[in-house]
Amino acid sequence: MPAARVEYIAPWWVVWLHSVPHLGLRLQRVDSTFSPGDETYQESLLFLGVLAAIGLGLNLIFLAVYLVCTCCCRRDHTAQTKQPNSCCVTWTAVVAGLLCCAAVGVGFYGSSETNDGVHQLIYSLDNANHTFSGIDELVSGNTQRMKVDLEQHLARLSEIFAARGDYIQTLKFMQQMAGNVVNQLSGLPVWRDVSTQLTELSHQTAYVEHYRWLSYLLLFILDLAICLITCLGLARRSKCLLASMLCCGVLTLILSWASLAADTAAAVGTSDFCVAPDIYILNNTRSQLSSEVTRYYLHCSQSLSSPFQQSLTAFQRSLTTMQIQVVGLLQFAVPLFPTAEKDLLGIQILLNSSETSLHQLTAMLDCRGLHKDYLDALTGICYDGIEGLLFLGLFSILAALAFSTLTCAGPRAWKHFINRDRDYDDIDDDDPFNPQARRIAAHNPMRGQLHSFCSYSSGLGSQCSLQPPTQTISNAPVSEYMNQAILFGGNPRYENVPLIGRGSPPPTYSPSMRATYMSVADEHLRHYEFPS
């Protein structure tokens with residue numbers, strides 16, 4: 001008798017997803033029973049994708065309104081200069097980047113769980129398919145031995161024992177037993193159609209899972225790449241990288257909502273199957289198998305006897321009877337007919353081989369092996385598979401939130417870059433306190449010297465007759481000129497009215513720049529004293 005069945009219990013998330021209202025495209029209630037061939041049931045799953053599309057539309061509308069408001073509503077330039085919002089933009093981008101990384105981590109876990117569950121399902125299907133194929137091979141092999149090989153031996157023995165009627169009766173009895181064996185084997189179910197369906201299902205599942213896993217891997221890489229581009233754009237204050245981030249962010253936002261729609265529909269549909277898998281299998285195997293055989297393998301309970309027990313017992317009884325007849329002929333007929341020994345030994349070997357096949361067939365037809373494969377398949381798809389789909393749905397939500405935040409922070413960062421550049425453009429390029437001028441001088445140190453040389457030589461009328469500059473008379477002390485040389489990198493500017501002698505910096509200087517200028521000038525005045 002088979003062992004007690006290990007009960008399958010649907011997890012709580014399967015029951016929760018199955019309880020989700022199933023609505024058609026016309027908002028009518030649809031039966032939640034798993035029936036993938038029904039058009040109304042397909043519409044109920046498609047409706048979940050429509051809800052995700054509506055969410056995507058609302059998300060894009062919100063982002064469009066926010067971008068329009070951000071670009072059109074300009075604050076006072078002075079207030080922006082005094083209170084820059086770069087810190088807020090930076091922290092918003094940091095939080096969004098961390099959220100994106102967390103989403104990718106959740107997505108990797110969910111994709112791995114789904115992949116493990118699907119591969120367990122494929123492995124179980126292949127094991128069951130191997131069992132069914134083995135059963136068909138054993139049945140066909142035994143039928144071949146009984147109908148062809150045994151008949152050939154009996155035909156030759158009939159010619160040898162033609163003069164002995166008692167031996168002829170024994171051969172006819174053995175032929176009748178062989179016919180009973182063939183009839184018992186023909187009563188066993190043929191698993192060829194079931195095996196073909198399982199093979200096709202296994203191949204299709206492996207094909208879809210391969211491209212699903214690859215697609216999510218590319219999506220994870222794209223998300224991380226966009227986060228990296230965002231960090232580089234903010235760190236280098238690059239408008240090009242920021243624009244690339246905005247374009248790719250919108251694309252990734254659309255892909256996140258699309259993946260959410262696919263994951264939700266797949267999770268709900270699979271949960272509808274996992275709530276009552278026995279009913280669906282019973283309804284879809286009626287044309288290939290009897291309900292008694294299907295229930296035997298699905299339930300595998302001690303209260304259910306094997307539907308093949310009677311056929312296997314009759315098979316064993318017929319083999320035993322034929323073996324007894326062959327032993328009797330070997331003892332009494334061979335001394336009289338020595339030429340019959342070869343065929344009788346051939347029949348004995350054939351019957352022993354059939355008995356071995358009978359034991360193998362009995363083990364394969366037992367419900368415990370196939371029922372274990374059935375439970376493993378349910379565990380893979382209903383536990384790991386659906387759990388992974390839920391985590392992938394969470395990944396899609398977190399990714400959509402992260403990239404929505406990055407898209408909102410992008411225009412503010414762009415405006416901050418523009419305002420910063422505008423502040424630099426208002427300052428003279430020759431101003432030594434302009435950060436842009438410092439960067440230019442650092443990359444091109446000859447620029448300052450050439451410009452100073454041309455400044456005093458242009459007043460002589462022609463650059464072809466340049467003469468050494470004459471010292472201009474000024475009331476400013478020599479120390480101020482030396483300080484000026486030090487401040488400007490060792491290149492004194494030959495002007496009639498030196499910058500230091502004006503008493504105050506140009507009006508384009510900020511208060512902080514003025515304080516820095518005055519402190520540096522006072523320090524040099526204390527260190528360098530020249531006689532008058």
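Rules used throughout
Residues numbered from 1 in each chain as written. Predicted model: local features only at pLDDT ≥ 70, side-chain atom pairs only at ≥ 80, totals over all residues. Heavy atoms only, no water. UniProt positions renumbered as here; feature names shortened; annotations may be inferred. Helix = DSSP H or I, 4+ residues; strand = E, 2+ residues; numbered from the N terminus. Areas by Shrake-Rupley, 256 points an atom, 1.4 Å probe, with all protein chains shown as cover. Buried < 20%, exposed > 50% of the residue type's maximum accessible area, 1.4 Å probe, protein only. Arc of directions from axis to C-beta. Phe/Tyr/Trp six-rings, centres within 6.5 Å; stacked < 30°, edge-to-face > 60°. Lys NZ or Arg CZ within 6 Å of the ring centre and 35° of its normal. Salt bridge = Lys/Arg side-chain N within 4 Å of Asp/Glu carboxyl O. Lys, Arg positive; Asp, Glu negative; His and termini not counted. Contact = heavy atoms within 4.5 Å.

- The name given to the protein in an unreviewed UniProt entry is Protein tweety homolog, with Cricetulus griseus as the source organism.
- Comment text from UniProt for the protein, heading Function (unreviewed entry), reads "Probable chloride channel."
- In its Subcellular location (unreviewed entry) section, the UniProt entry covering the protein states "Cell membrane".

**Details of the overall build of the protein**
And then number 1: When its secondary structure is counted, the protein shows 16 helices and zero strands.
And then number 2: Approximately 29,800 Å² of the protein is accessible, and the part contributed by carbon and sulfur atoms is 62%.

**Some details on helix H8 (residues 277-284)**
And then number 1: Residues Pro277, Asp278 and Leu282 constitute the buried set of H8. All buried residues of H8 project into a common sector of 130° when viewed along the axis, lining one side.

**Observations concerning unusual backbone geometry**
And then number 1: One non-glycine residue with positive phi stands out, namely Leu27, at about 65°.
And then number 2: On the secondary structure map, Leu27 appears in the loop between helix H1 (12-18) and helix H2 (39-72).
And then number 3: The backbone of Cys300 sits at a positive phi, close to 50°, despite the residue not being glycine.
And then number 4: Topologically, Cys300 is positioned in the loop between helix H9 (291-299) and helix H10 (309-332).
And then number 5: Using a relative accessible area of 2% as the deciding quantity, one classes Cys300 as buried.

**A short note on the packing of aromatic side chains**
And then number 1: Taken as a whole and assessed by the stated rule, the structure comprises 20 aromatic pairs.
And then number 2: Ring centres 6.1 Å apart and planes at 85° place the aromatic pair Trp13 and Tyr383 in the edge-to-face group. On the criterion of sequence distance, the pair formed by Trp13 in helix H1 and Tyr383 in helix H12 (residues 367-425) is long-range, its members being 370 residues apart.
And then number 3: According to the relative accessible area criterion, Trp13 is buried, its value standing at 14%.
And then number 4: By relative accessible area, Tyr383 is classed as partly exposed at 27%.
And then number 5: Residues Phe34 and Tyr41 carry aromatic rings whose centres are separated by 6.0 Å and whose planes lie at 85° to one another, so their mutual orientation is edge-to-face.
And then number 6: By way of ring pairs, the aromatic residues Phe132, Trp191, Tyr296, Tyr297 and Phe308 are connected into one cluster.
And then number 7: Positioned above the aromatic ring of Tyr167 is the side chain of Arg164, whose terminal nitrogen or guanidinium carbon lies 4.5 Å from the ring centre.

**As for the pattern of salt bridges**
And then number 1: Overall, the coordinates contain five salt bridges when judged by the stated rule.
And then number 2: Of the charged contacts in the structure, one is a salt bridge between Arg156 and Asp343, with a shortest N-O distance of 2.9 Å. With a gap of 187 residues between them, Arg156 in helix H4 (residues 86-160) and Asp343 in helix H11 (residues 341-365) connect regions that are remote in the sequence.
And then number 3: Judged by relative accessible area, Asp343 falls into the buried class, the value being 7%.
And then number 4: Measuring nitrogen to oxygen at the nearest pair gives 2.8 Å for the salt bridge that ties Glu209 to Arg212. Highlighted residues: Glu209 and Arg212, both in helix H6 (residues 192-236), separated by three residues, approximately one helical turn. Here Glu209 matches Arg212 in class, with each residue buried.

**Overview of the side chain of Asp223**
And then number 1: Along the chain, the position of Asp223 falls in helix H6.
And then number 2: Buried within the structure, Asp223 lacks any salt-bridge partner; its nearest side chain of opposite charge belongs to Arg212, at an N-O separation of 13 Å.
And then number 3: Apart from residues lying up to four places away in sequence, Asp223 is in contact with Cys100, Val104, Thr252, Phe395, Ala399 and Phe403.

**Section: the UniProt feature "transmembrane region" (unreviewed entry) in the protein**
And then number 1: Mapped onto this structure's residue numbering, the UniProt feature "transmembrane region" (unreviewed entry) falls at residues 45-68, 88-109, 213-234, 241-260 and 389-410.
And then number 2: Taken end to end, residues 213-234 is 100% helix and 0% strand, and its two terminal C-alpha atoms sit 32 Å from one another.
And then number 3: Across residues 241-260, the secondary structure splits into 100% helix and 0% strand, with the terminal C-alpha atoms separated by 28 Å.

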